[in-house]
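Spelled out, the chains give:
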Amino acid sequence: MDLLLLNQFLKHHDTDGELIEVIDTLMIACKEIAVQLREGALAGVLGSTDNTNVQGETQKKMDVIANDVLKKVLHTNPLVRGMASEEEDDPVAANEQGRFLVTFDPLDGSSNIDINVSVGTIFSILEAPQGTKGCEESAYLQSGRKQVAAGYVLYGPSATLVLTTGAGVNFFTLAHTGDFILTRENVQVPPETKEFAINMSNQRHWEPAMQRYVDDLLLGKDGPRGKDYNMRWIASMVAEVHRVLTRGGLFTYPWDKRAPNKPGKLRLMYEGNPMSMLIEQAGGLSTTCYGDIMDVEPTEIHQRVAVALGSRQEVEALQEYHRDSADGNAAQLNR
Ligand code: AHM
Ligand code: MG
């Protein structure tokens, strides 16, 4: 097999040279994060800090380390005007003349770090609007359709970069040489599935449409869906999306009534949008249950969104259950 390095692959596909440079820079940071994660307890990086982030969540040591690594490395690239992170209250300016803005969740699924289960870095790249500063929130408030690239690095048994620059989705595996090597090209999400992922312990809090949908999945062959389903929940969006991209499925984190005035749990700018771009580029669908996630016009950098994504036919079926609840709170907040 001819080994194709990330950089060579992107050049062969006529990717914008400056965009390649930013992706390369991101991968320098992700390799450093992968090294720290692999050392785990040996490097003293497990456990929590005493801090909470802007979301009100306790930061894990690795959340802070991953965030610092990304910030430090992205600052060195003159093409990066600024960055916004799950772990930063406000956007951070980098290089004034930079062409791009980068948003990221430095370590998604970080509740899994201490139990040695997969986590990942999610990123999204936008063009910086003319005349804006990298520390200005308004510069980042662009819909998901405006992303020029999106992806994640899954730190699992192997470290895998999953990337789109708007021309399909490809997997690159981190080799012992430190190179990301193409291992799957033009990934397609199978249109049908028998697998779904949702945190079932929240069932009583969901809106009625979501409850009905999941009830029918659980009825299997005996219910209206006419087939038996299997369920998975890793509590790491990166790992769930990776499964969906690899073998199909539906992943959802819906609105729930414990926080009735929030659209959902996951964040739009560095979770919902990049994952939606990947899923759509692979032929799947990504929705709030009431509209495409990438059509949501953002109003703040840390805003939340309801997420349902995956195999096209399954996501369409889920949307169908929501058609008659268009007046509810979840619908109002997720349009
Ligand atoms: P995080 O960005 O703080 O790690 O939170 C996001 C995570 C997702 O990776 C995952 O899908 C979900 O939250 C897990 O939620 P739960 O704790 O309800 O299982
Ligand atoms: Mg996250």
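Residues numbered from 1 in each chain as written. Chains lettered and ligands numbered in written order. Predicted model: local features only at pLDDT ≥ 70, side-chain atom pairs only at ≥ 80, totals over all residues. Heavy atoms only, no water.

Side note on the side chain of Thr-160
Point 1. You can see Thr-160 is positioned in strand β8 (residues 159–164).
Point 2. Judged by its relative accessible area of 7%, Thr-160 is buried.
Point 3. With sequence-adjacent residues up to four places away left out, Thr-160 is seen in contact with Tyr-152, Val-153, Leu-154, Phe-171, Phe-172, Thr-173 and His-242. (Helix = DSSP H or I, 4+ residues; strand = E, 2+ residues; numbered from the N terminus. Buried < 20%, exposed > 50% of the residue type's maximum accessible area, 1.4 Å probe, protein only. Contact = heavy atoms within 4.5 Å.)

Quick word on the packing of aromatic side chains
Geometrically, a pair of aromatic rings is defined through the distance of the ring centres and the angle of the planes.
Point 1. For the coordinates displayed, the defined rule picks out five aromatic pairs.
Point 2. With a centroid separation of 5.8 Å and an interplanar angle of 55 degrees, the aromatic rings of Trp-233 and Tyr-253 are classed as tilted. Residue Trp-233 is found in the loop between β12 (230–231) and α6 (237–247), and its partner Tyr-253 is found in strand β13 (residues 250–253); the two are separated by 20 residues along the sequence. (Phe/Tyr/Trp six-rings, centres within 6.5 Å; stacked < 30°, edge-to-face > 60°.)

Remarks on the sheet that holds strand β15 (residues 285–287)
Working definition: the strands of a sheet are paired by backbone hydrogen bonds and lie parallel or antiparallel to each other.
Point 1. Sheet architecture is open: five strands sit in the order β12-β11-β13-β17-β15, paired in mixed fashion. Each edge of the open sheet carries a strand with a single partner, namely β12 and β15.
Point 2. Examined bridge by bridge, strand β11 (residues 195–197) and β13 share two bridges and lie parallel to one another. Along β13, the bridge assignment pairs Ala-197 with Phe-251.
Point 3. Along the sheet, helix α7 (residues 268–281) makes contact with β15 and β17 (307–310), crossing β17 at roughly 25 degrees. (Pairing = 2+ DSSP bridges. Axes fitted to C-alpha atoms, helices over the stretch in contact; angles between N-to-C directions.)

Focus on the site of ligand 1
Point 1. Around ligand 1 there are 17 residues in total, and Asp-108, Gly-109, Trp-233, Met-237 and Tyr-253 lie nearest to it.
Point 2. Within the side chain of Tyr-253, a nitrogen or oxygen atom sits 2.5 Å from an oxygen atom of ligand 1.
Point 3. In this structure, an oxygen atom belonging to ligand 1 sits 2.9 Å away from a side-chain N or O atom of Lys-265.
Point 4. A total of 470 Å² of accessible area belongs to ligand 1 in isolation, and the protein chains cover 84% of it.
Point 5. If you list the elements that add at least two residues to the shell around ligand 1, you get β5 (100–108), β13 and β14 (266–267).
Point 6. Each residue belonging to the shell around ligand 1 can be placed in one class, and the counts come to six nonpolar, four polar and seven charged.
Point 7. Taken together, domain 1 (6–184) and domain 2 (195–333) each give at least three residues to the shell around ligand 1, which thus spans both. (Near = heavy atom within 4 Å. Polar contact = N/O pair within 3.5 Å; in protein donor to acceptor, adjacent residues only side chain to side chain. Areas by Shrake-Rupley, 256 points an atom, 1.4 Å probe, with all protein chains shown as cover. Nonpolar A, V, L, I, M, F, W, Y, C, P; charged D, E, K, R; others polar. Domains from an automatic or database assignment.)

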